[in-house]
Each structure stands twice: as C-alpha cells, then as structure tokens.
Amino acid sequence: MKASVQQQHLAHGLAIVSKAVSPRSTLPVLANILIASDDGRLRLSATNLELGITCWIPATIEDAGAITVPARTFQDLVNTLTGERIDLTLDPRTQTLNVRSGSSNTDIKGIDAQEFPPIPVPDLSEGVSLNVNDFKEMIQQVVFAASTDEARPVLQGVLLNIKEDQITMAATDGFRISVRKGLLSNPVRQEISVIIPARALTELARIATDGEQMLTMNVPPGRGQVIFHVKDAELVSQLIDGNFPDYRAIIPRSYKTHTVLSTPAFLKACKQAEIIAREGNNVVRLNILPGSDSPGVVEVSAQSEETGASQIQVDANIEGSPLLIAFNVKFLREVLDVIKTPSVALETNQNNTPATIKPIGDDDFVHVIMPMHLG
Amino acid sequence: MPIRILAEEVASQIAAGEVVERPASVVKELMENSLDAGARRIEIRIANAGKALIEVTDDGCGIPAGELTLAVARHATSKLSAAEDLFRIATLGFRGEALASIASVSRLTLISREQNAEMGRKIVVEGGKLIANDAAGLPVGTLVRVENLFFNVPARLKFLKSDLTEKNQITQLVSRYALAYPQIRFRLMQDEREVLLSHGKNNRREVLAQIYGNDLARQMLEVELEDEDIRVRGFISPVGISRSNRREIVFFVNGRWVQDAGLSTALIQAYHTLLMVGRYPIASIFVEMSPEMVDVNVHPAKAEVRFRDADRVFRAVQRAVKRALLAYSPAPQLSSSTWLSRSGEAGVDPAWEMAYEANLAQMEVAPEPAGKETVPQPVQLPVDSLPLLRVIGQVGAAYLVAEGPDGLYLIDQHAAHERVLFEKFMREAGKEIPSQALLHPQTIELPPQAAELLQTQLAVLNRWGFEVEHFGGNTFRVRRVPAILSGLDPLIIVRSLVEDFEEDETPLQAEIEARVIARVCKRAAVKAGQILSAEEQNALVRDLERCQSPRTCPHGRPTMIHLSVDLLERQFGRRGSR
Ligand SMILES: Nc1ncnc2c1ncn2[C@@H]1O[C@H](COP(=O)(O)OP(=O)(O)O)[C@@H](O)[C@H]1O
Ligand SMILES: [Mg+2]
C-alpha cells in the first residue's frame with residue numbers, strides 16, 4: 001500500500017474511530033486501527049467487538065493494500081505532525097508502515113490486516129432513513145436515563161421501535177424513564193424493535209455531523225447487529241438481547257397537581273440545590289404551593305449534614321393540591337438539561353407515586369421519575 | 001411394653017452420658033477436681049487418645065481415707081451442702097456426679113492421701129462395682145486412673161472421633177486450662193510424649209507461646225479492663241490475624257471454660273469492621289465476677305452459664321476488646337522486606353502481610369496494655385485519626401497517592417470510599433434514611449432457605465432505606481432502595497445481602513445491621529478503574545480524614561499503606577538500615 005493523505009483529514013478520522021479501540025483487550029489486534037485503501041479513499045476502522053467504527057477519508061492511492069497499526073502510537077504521531085501532507089507506505093514483507101511527513105520519517109510495526117475482524121457492510125437499500133438533527137436530539141433526550149450498571153445489560157441499552165412512520169426511543173435505569181417519539185419521512189414496511197447500547201448511540205451522536213441531512217439505519221436480519229451509515233462513517237453495534245420493560249405501563253395517565261415552570265429557572269434552581277445536595281444524598285425537596293389567586297411558587301430546597309442548607313423559590317403556574325415531594329436532584333437536572341422548550345410541566349399525584357415531566361408545546365417527549373422517600 | 005424402673009447400672013450409664021461424652025470430658029472433670037483441691041501441679045497422662053488410659057495426678061488436699069468410696073458415689077460432694085449454696089458456687093465442681101459417672105463406664109482407680117494422714121488409700125471400681133479397697137503409699141494428693149473408658153458402653157465407643165481428633169481435643173482442653181490457671185503447673189503426656197508443660201510462674205504469654213508458637217504469642221494483644229465488679233482479662237489477635245471459624249475464641253468465666261454465643265458475639269462485634277466478613281479472631285478471655293452474678297448450674301457438663309446481667313457482661317467484654325484493638329491499630333506499614341521482595345507469591349495477600357508486620361512492629365514498641373479503667377461509662381473510643389494529607393494524584397485508576405507529615409500514603413480508592421460511606425451511613429442511624437423508589441417494583445425469587453433468612457431480616461433492611469416485602473412463597477418484592485444505590489440493580493443488591501446472611505447463621509442484630517450497611521456501601525463505592533478528577537480525589541481524602549477508623553474498609557481490608565519518611569530514606573540509602 002502506498003497512499004498520501006492530508007494530516008487534518010487523517011487526524012479527524014483517527015479521532016472518530018479511536019473511540020472503538022479496546023486497548024486492554026486480550027486480542028492484540030483490537031488495540032490497532034485498520035488502514036486500508038478503498039475505492040480511491042482510505043478506510044480507517046476500529047472495533048472492540050461490541051462497537052465498531054469505520055471512517056473514510058480522502059486520499060491519493062498509488063498502491064492498494066491494508067495494514068493494522070497500534071492506535072495510540074499512530075494517533076499520537078499523526079497529531080504531532082506539522083506537515084500538511086502525509087505519505088503512508090507499507091512494507092508488506094515486514095508489515096511495517098512508513099509514515100513520512102515533511103522532515104519526519106517514522107516506521108511503525110503493524111499486524112497483518114487479515115487478523116482484523118471483518119466489519120459488516122450494510123445493505124443501504126434496505127435501510128431506514130433518519131434525519132440527522134432529529135435523531136441526535138432523540139438520542140440526547142433518552143440516553144442519560146439508561147443504566148450504567150453492568151449487571152443490567154438490558155437497561156444499559158435504549159429501546160428503539162419503528163412502526164410505519166412512528167419512531168420511539170426509550171431508556172430507563174429502573175428509577176426514571178425517558179421516552180421520545182418522532183415521525184419518519186418514509187414509513188417502514190416491517191416493524192423494527194431493537195435494544196441498542198446507549199454507548200453506541202452516544203458515539204453515533206458524536207460522529208454524525210450536523211452538516212449531513214440524513215443517516216441510514218440498517219438491521220440485517222438474524223445478525224444481532226445494527227449498522228448506522230453516515231456520509232463518511234459507519235458505526236456497527238451489537239444489539240442487546242432481552243426484554244425491555246413495558247414503558248407504556250409506567251407512564252401515569254392522570255395527575256392531581258399540574259405545575260408549569262420556566263425551564264431555565266427550574267434548571268438553575270436544581271443546579272444550585274445540587275451544590276448542597278451532592279454532599280448528602282442528592283435529595284432535593286420540592287414544596288409545591290399553589291397560590292390562592294396569584295399563580296404560585298415551588299420552593300426548591302436541599303440540605304446536607306455537612307454542607308448546610310439552601311432554598312430557592314421558583315414562580316410557577318400551579319393547578320391542583322399542594323404537595324411536598326423529594327427527588328434525586330441529579331435526575332431532575334439531567335432531564336431539564338435536555339428540554340428545549342421555554343416552559344416545562346411537572347405532573348404529580350402523591351409524594352410516593354411517579355412524577356411526569358413534559359416540555360410545554362412538545363408532546364413527543366415524556367420523562368417519568370420516581371420520588372425519593374425520606375426516613 | 002410395660003413400664004419398668006431401670007436397673008441402677010443402666011440408669012447410671014445414662015446419667016454418665018450427660019457428663020462424660022468423650023475422653024476429653026473425663027480429663028476436664030478430673031482436672032477440675034484437682035483445681036478444686038487446691039493443687040499447684042497437675043499431671044495428666046493419656047494413652048491411646050484416652051481410650052486406654054487417662055491418669056490425673058495432683059498435689060491437692062487429698063481425700064480422707066474413709067471417704068474414698070463416698071467420692072465415687074452418685075451425688076456425693078464435699079463442695080455443696082444446702083440448696084442455697086448453689087447460688088454462690090466458688091468451686092468448679094458441685095454436682096457430685098463426675099467420679100460416679102466415670103466409674104460406671106470404666107475401670108477407675110482412685111488413690112489419695114489427705115494432708116495430715118500417714119497413709120493413703122486406694123480403691124478400684126469397675127463398671128460401678130467396688131472391686132478393691134486397700135491401704136496405699138503415696139505423697140499428699142490424689143491420683144485418678146481411668147482405664148478402658150466406655151468398655152461397657154459400645155455405642156459410646158462407636159461415636160468417638162478418630163484418635164487424632166480425640167487427642168487434639170484433650171490437648172486443646174488442657175492448654176486452655178493451663179492458660180486460665182497460669183499459676184499452676186500443668187504437664188500433659190500423650191502416649192509417653194510430653195505435649196504441654198507450663199511452668200506455673202503466672203506468665204500467661206509463656207503459656208500462649210506453648211499453645212500458638214512464639215510468633216503469634218508475641219503478637220497477641222493483651223486485654224485488661226475492670227468495671228466495678230466485673231474483670232476482663234486475656235489476649236486477642238491483632239487485626240491482621242484471623243481464622244475462618246470461631247473455634248479459637250475461648251472464654252473462661254470465674255475459672256470455668258464456658259461456651260456462650262453471646263460472649264463470642266460481643267467479642268466479634270468489638271472487631272466490628274476491622275475483620276473481613278467471615279473471618280474470626282483468636283481470643284482467650286477470662287471474665288471474673290462474684291459467684292452470685294452467674295448461674296453455673298445450667299448444664300450437666302457445666303459448659304454453659306447464665307449471667308444475672310448478661311448485657312453488662314457483654315458490654316464489658318466488648319469495651320475491653322475495643323480498647324485493646326484501638327490501642328494497637330497502626331496503618332499497615334510497608335516494611336523494607338516486603339518492599340524489596342516480591343511478596344504475595346505465597347498466596348498471602350501482601351496487604352495482610354504488611355498489616356501483620358505492622359502489628360508486630362507495634363508490639364515491640366508498645367507491650368504495655370492500656371491502664372485500668374476506673375470510670376466505666378460512657379464508652380469513649382479513642383479516634384484513630386489520620387494526619388492531614390496532601391493529595392498528589394491517582395495511580396492506575398485505583399489508588400490515590402498522598403503525602404502526610406510522616407511520609408507517603410497509598411490509598412485504595414474503593415476501600416476508602418467504602419469506609420467513608422459506611423461511617424456516613426452509621427452517623428445517620430436513627431435519622432431519616434433517604435431512599436429511592438423504583439419505577440416498577442421488582443420481584444425476586446430465592447431458594448427456600450435464603451428466603452427464610454431474608455424474611456427474618458426484612459425489618460433491618462427496611463430500617464436502612466430498603467422497602468422489601470414478602471410476596472408469598474419464596475418471592476419478595478423490592479419497592480425502594482437506599483438513595484446511595486439508585487442507579488444500581490436492586491435485585492443484585494438484595495441477593496448479595498442474603499448471601500451475607502447465609503455466611504453466618506447466628507449473628508447478633510447489631511452485627512447484621514453493620515453487615516447490611518457494609519454491603520450497601522460496597523456496591524455504592526467508586527470502583528477500581530474509575531478515573532477520579534482532582535476534586536474527587538481531594539474530596540475522598542478529606543472525607544477519609546474525618547472517619548473514625550480510616551485505616552480499614554468496613555470489611556476489614558486496609559484502605560491505605562503508609563511509607564514512612566524513615567523507610568524512604570533507608571531505601572534510598574540516605575540512612576543506614578537498622
Ligand atoms: N483430686 C481430688 N482431690 C481432692 N478431692 C477430690 C478429688 N477428686 C474428687 N474429690 C472429692 O470427691 C468428690 C466428688 O467428686 P466429683 O464426683 O467430681 O463431684 P464434685 O466435684 O462435683 O464435688 C469431691 O467433692 C471431692 O470431695
Ligand atoms: Mg468434680
């Protein structure tokens with residue numbers, strides 16, 4: 001293989017794929033990045049066998065070929081090169097990649113490309129077309145609610161369901177759930193229901209650049225994988241096997257108190273309370289006080305044995321009965337962080353039943369949080 | 001079958017079964033008689049694990065020649081005359097049953113010469129029948145020879161364990177008494193081999209060395225506490241040394257070896273979280289109090305006692321042990337030998353080796369036990385505090401490096417966080433424990449035995465922030481978990497709690513609570529492999545500094561290793577090594 005690329009393109013490509021490298025794997029080749037000529041471009045791939053990322057960059061290919069090189073070494077080297085152009089030359093006999101740029105000349109020992117696990121190729125004609133911006137927002141609004149506990153693989157994933165032109169994503173850690181709906185421009189013929197690792201979706205949101213209009217999702221039958229194709233990159237992820245909890249049964253259908261707050265004001269109050277609460281047990285108390293003729297107020301308070309106590313008042317439009325309810329402040333802050341509308345509704349029943357948070361003016365997003373119980 | 005009165009012979013064999021179960025129980029009864037007789041020397045000869053011969057010779061007061069036959073009669077004792085005497089028993093024997101029982105199941109020779117008598121006397125009883133009664137010459141004292149034990153009760157013989165086990169039981173028994181009575185000279189011969197010899201010079205550590213070897217004996221911590229009329233003395237193992245069972249926990253109450261679950265639990269609890277779960281200390285504790293405060297007439301073998309105020313006794317034991325432990329609890333010091341050798345290869349956790357050596361070093365500089373405590377209440381535990389530390393950074397995403405005035409500290413982030421959470425939890429005892437409700441109650445099915453265990457502990461769990469309810473059969477429903485566990489799998493947590501309960505069938509309530517909390521904290525603590533920001537590192541070390549027992553995690557593992565300035569200097573050759 002003999003190819004030349006621009007430093008900037010190569011550095012960018014390596015930044016994208018390096019997230020899938022598994023440096024601690026027992027399989028040495030997984031700590032490497034595959035570099036291969038591919039139809040007039042250079043293909044970079046990395047995989048940890050659960051998540052694989054591929055990226056294509058513009059290149060001038062003189063001789064076709066492929067090699068894998070240690071990801072850290074190669075990436076660190078490329079990041080320090082100052083020359084605009086980098087020439088890559090493979091010595092197939094020694095499996096050594098020569099990297100030349102300006103006055104710099106480095107040989108990196110590689111591992112035969114044959115040893116690199118094959119990365120599946122999506123069938124783009126069978127794929128579902130998704131709007132990049134919309135899909136990234138959907139991901140953002142649900143992934144944070146997924147569990148990080150390795151003991152519960154199903155909850156480490158996001159449920160993605162596509163039926164006709166309806167797309168729904170849901171994530172839960174057992175204490176809260178985020179559900180986001182959306183519409184597709186082209187309906188699908190067959191229903192798709194998969195659990196995708198939250199981590200893969202976070203990576204996808206990172207590599208899907210806003211400039212692109214659409215991305216394609218492909219679930220090849222019987223393979224337990226999902227492939228996302230963006231213009232110059234592809235992400236393959238293993239699907240999670242298992243039954244996702246039935247979120248429809250969890251979302252409350254009615255409420256006793258309906259509280260509308262300014263999203264930024266509520267978020268700010270929660271962030272302030274968290275400064276105190278995080279030293280304790282993350283408990284924030286909401287004292288929801290409807291006014292008699294004036295609108296009403298929510299007292300957001302936190303206290304901790306060590307740090308002290310804080311109280312912030314947030315104006316609110318409250319209908320229904322007063323309520324004192326406690327939440328994990330981190331849960332509240334995380335959901336308010338992803339709500340884009342200026343106002344938000346908090347729907348509650350009792351201090352021991354689930355509370356619902358919905359953006360005002362956006363019926364596609366629902367978040368349910370279980371309250372905390374004190375003593 | 002018609003009801004019949006049992007023949008005298010059968011009846012006494014049945015009664016004998018309660019007192020003499022095995023050779024070791026014979027040895028115990030005979031030794032106790034010698035002690036009651038005021039002996040200064042007791043010599044025990046055993047042949048064939050006690051089945052062929054048990055012979056105990058003492059230099060005690062002896063038995064009047066005319067009373068020898070009485071001594072082997074049932075319910076004949078010189079130690080008790082009226083029922084009210086039972087409430088203030090100062091002797092080990094009082095039931096007048098032992099010699100009679102032994103005589104009914106063996107060939108028993110009793111030779112004794114009273115203090116001022118010119119001659120001694122000898123009787124021989126076989127299977128309860130007197131077969132000889134003659135004059136005999138011997139020094140003042142008593143000799144009891146028991147041959148062919150259980151010759152007429154084959155069922156008993158069949159139930160004896162292997163010779164090795166029976167022999168070990170005897171050796172253990174005699175060593176324990178030797179330790180309890182250091183002013184008396186004990187000599188034990190098994191098959192003509194001297195197994196134990198104590199010098200009777202009132203030096204318990206010397207006896208300890210005989211039992212446990214020099215090394216361990218040197219490291220055992222001395223316990224001493226006087227609380228009004230209760231006196232607790234003895235030895236306990238330091239934190240780094242433990243056993244996987246409670247067998248090495250020995251209690252003597254008023255000179256009597258007793259088996260009392262309450263006492264052992266009080267002791268184990270005093271170690272609290274300093275020992276790993278499932279590990280037990282080595283201890284010989286001698287409790288003394290006035291005879292009225294304890295009822296010894298509970299069990300034919302006199303192995304159990306009943307305290308008038310058990311709680312007070314337990315508290316005294318616990319306080320005594322805690323004080324001894326805190327007086328000697330350094331951070332494990334990395335010694336030069338472990339530093340240079342590749343430790344841990346022998347299968348011993350290197351941290352334990354260090355703790356072991358640290359304790360050893362400590363013993364050499366501080367052999368004096370804590371002084372007598374005159375004001376008993378309230379319990380003020382000295383705080384085992386850390387100096388102020390400056391955090392330098394994180395190593396391998398698992399350890400923090402910090403500097404103190406006295407050198408370098410390596411801190412295990414997971415263990416340290418466990419300790420911090422644990423103490424925080426304990427401080428909140430009795431206050432409101434915030435708990436996080438689950439979106440969907442989760443059900444868990446357990447094996448029947450585990451389910452039964454969980455059922456009995458539900459109240460404890462629910463007091464500490466869980467809401468778990470019995471859901472019929474072996475199924476339980478989890479509705480809430482302690483707030484610090486939100487985000488983690490509730491079922492795994494409940495399962496691991498149950499496993500913990502299973503490890504020990506009879507822990508005390510307070511011990512259970514500590515275990516539940518320790519388990520919860522283990523799940524919630526940062527893991528090794530988690531990268532901590534500079535602020536997080538600092539916060540963790542600050543929190544650890546504020547802990548009462550910052551040097552161990554709630555499961556007893558060390559949270560830190562200390563490299564003293566002195567050690568560093570020696571290692572770098574700036575100072576000659578000692
Ligand atoms: N080694 C001994 N030295 C002196 N007296 C003894 C000795 N062993 C037994 N006796 C006498 O024999 C009695 C009966 O002994 P035993 O059957 O063990 O009953 P107890 O010890 O309960 O009185 C004792 O009360 C004591 O008077
Ligand atoms: Mg006796």
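These notes cover the structure that comes with them. The structure displayed is predicted, hence computed values, not measured ones. (Residues numbered from 1 in each chain as written. Chains lettered and ligands numbered in written order. Predicted model: local features only at pLDDT ≥ 70, side-chain atom pairs only at ≥ 80, totals over all residues. Heavy atoms only, no water.)

### Some points on the overall build of chain B
Looking only at helices and strands, one finds 18 helices and 22 strands in chain B. Taking all 578 residues of chain B together, the buried fraction comes to 52%. Long-range contacts, defined here as pairs at least 24 residues apart, represent 69% of the contacts in chain B between residues at least 6 apart. For chain B, the accessible surface area stands at approximately 26400 Å², while carbon and sulfur atoms represent 51% of it. (Helix = DSSP H or I, 4+ residues; strand = E, 2+ residues; numbered from the N terminus. Buried < 20%, exposed > 50% of the residue type's maximum accessible area, 1.4 Å probe, protein only. Contact = heavy atoms within 4.5 Å. Areas by Shrake-Rupley, 256 points an atom, 1.4 Å probe, with all protein chains shown as cover.)

### Quick look at the layout of surface pockets
The calculated volume of the largest pocket comes to roughly 1800 Å³. For the largest pocket, the lining is made up of 48 residues, of which A:Asn282, B:His417, B:Ala524, B:Val526 and B:Gln530 are closest to its centre. Of all elements in the fold, only helix 7 (329-337) of chain A together with helix 13 (413-427), helix 16 (509-524) and helix 17 (534-545) of chain B reach the threshold of two or more residues within the lining of the largest pocket. In terms of residue class, the lining of the largest pocket is built from 18 nonpolar, 11 polar and 19 charged. (1 Å grid on protein atoms, 1.4 Å probe; cavity = no way out; pocket = protein on both sides within 12 Å on 5 of 7 lines; lining within 4 Å. Points joined across faces, edges and corners; volume = space filled by probe spheres on them. Nonpolar A, V, L, I, M, F, W, Y, C, P; charged D, E, K, R; others polar.)

### Comments concerning the sheet that holds strand 9 (residues 221-227) of chain B
All names here are of chain B. The strand order 9-10-13-11-12 describes an open sheet built from 5 strands, whose pairing is mixed. A single partner strand is all that each edge strand has here, and the edge strands are strand 9 and strand 12 (256-258). Neighbour-to-neighbour, the strand axes of the sheet open up by a mean angle of 20°, direction not taken into account. Examined bridge by bridge, strand 10 (residues 230-236) and strand 13 (residues 283-288) share 6 bridges and lie antiparallel to one another. When the sheet's bridge partners are listed, Ile236 is paired in strand 13 with Ala283. Lying over the sheet, helix 9 (residues 261-271) contacts strand 10, strand 11 (249-253), strand 12 and strand 13, oriented at roughly 125° with respect to strand 11. (Pairing = 2+ DSSP bridges. Axes fitted to C-alpha atoms, helices over the stretch in contact; angles between N-to-C directions.)

### Observations regarding the pattern of salt bridges
All names here are of chain B. Summed over all chains, the structure comprises 39 salt bridges over all chains. Salt-bridge contacts for Glu469 lead to Arg479; the nearest nitrogen and oxygen are separated by 3.2 Å. Of the two residues, Glu469 is situated in strand 20 (residues 467-470) and Arg479 in strand 21 (residues 475-482); the sequence distance between them amounts to 10 residues. Of the residues examined, Glu469 reaches a relative accessible area of 26% and is grouped as partly exposed. Looking at Arg479, the relative accessible area reads 27%, which means it is partly exposed. Several salt bridges share partner residues, and in doing so they unite Glu467, Glu469, Arg477, Arg479 and Arg480 into one network. (Salt bridge = Lys/Arg side-chain N within 4 Å of Asp/Glu carboxyl O.)

### A closer look at the sheet that holds strand 5 (residues 129-136) of chain B
Across a sheet, strands are paired by hydrogen bonds formed along the backbone, either parallel or antiparallel in direction. Residue and element names in this part refer to chain B. Across the sheet, which stays open at both edges, the 8 strands sit in the order 5-4-3-6-2-1-7-8 with mixed pairing between neighbours. In this open sheet, the two edge strands, each paired with only one partner strand, are strand 5 and strand 8 (193-197). The mean angle between the axes of side-by-side strands here comes to 10°, regardless of whether they run parallel or antiparallel. Inspection of the sheet shows strand 4 (residues 120-126) paired to strand 5 by 7 bridges, in the antiparallel sense.

### Considerations on the site of ligand 1
Residues and elements named next belong to chain B. Surveying the vicinity of ligand 1 reveals 19 residues, the closest of which are Asn33, Thr77, Ser78, Lys79 and Gly96. Note that an oxygen atom of ligand 1 is positioned 2.9 Å from one of the backbone N or O atoms of Leu99. Separating a nitrogen atom of ligand 1 from a side-chain N or O atom of Thr142 is a distance of 3.3 Å. Alone, ligand 1 offers 530 Å² of accessible surface; in the complex the protein occludes 93% of this. Secondary-structure elements contributing two or more residues to the shell around ligand 1 are helix 2 (23-36) and helix 4 (98-104). Per-class residue counts for the shell around ligand 1 are 7 nonpolar, 8 polar and 4 charged. (Near = heavy atom within 4 Å. Polar contact = N/O pair within 3.5 Å; in protein donor to acceptor, adjacent residues only side chain to side chain.)

### A closer look at the side chain of B:Ser264
Residue and element names in this part refer to chain B. One can find Ser264 in helix 9. Given a relative accessible area of 13%, Ser264 falls into the buried group. Here the side chain of Ser264 touches Asp260 through a polar contact of 3.1 Å, landing on its backbone oxygen. If we skip the residues at most four places from it in the chain, Ser264 touches Arg246, Ile249 and Phe251.

### Things to note about the side chain of B:Thr142
All names here are of chain B. Considering the arrangement of structural elements, one finds Thr142 in strand 6 (residues 141-147). A polar atom in the side chain of Thr142 sits 2.9 Å from the side chain of Ser112. Other than its neighbours up to four places away in sequence, Thr142 contacts Val56, Thr57, Asp58, Gly62, Ile63, Leu110, Ile111 and Ser112.

### Description of the environment of B:Ile433
Note that B:Ile433 resides in the loop between helix 13 and strand 19 (435-445). Separated by 30 residues in sequence, B:Ile433 and B:Arg463 place their C-alpha atoms 8.0 Å apart.

### A look at the packing of helix 6 (residues 163-180) of chain B against helix 7 (residues 204-212) of chain B
All names here are of chain B. Direction vectors running N to C along helix 6 and helix 7 enclose 165°, while the axes themselves pass 9 Å from each other. Regarding the angle of helix 6 to helix 7, the classification is roughly antiparallel. With respect to the hand of their crossing, helix 6 and helix 7 are arranged in left-handed fashion. Residues Ser175, Ala178, Leu179 and Ala180 of helix 6 touch helix 7, and the partners they reach there are Arg204, Val207, Leu208 and Ile211. Of the residues belonging to the contact of helix 6 with helix 7, the class tally is 6 nonpolar, 1 polar and 1 charged. (Parallel < 35°, antiparallel > 145°, perpendicular 65-115°, else oblique. Left-handed = near helix turned anticlockwise from the far one by under 90°.)

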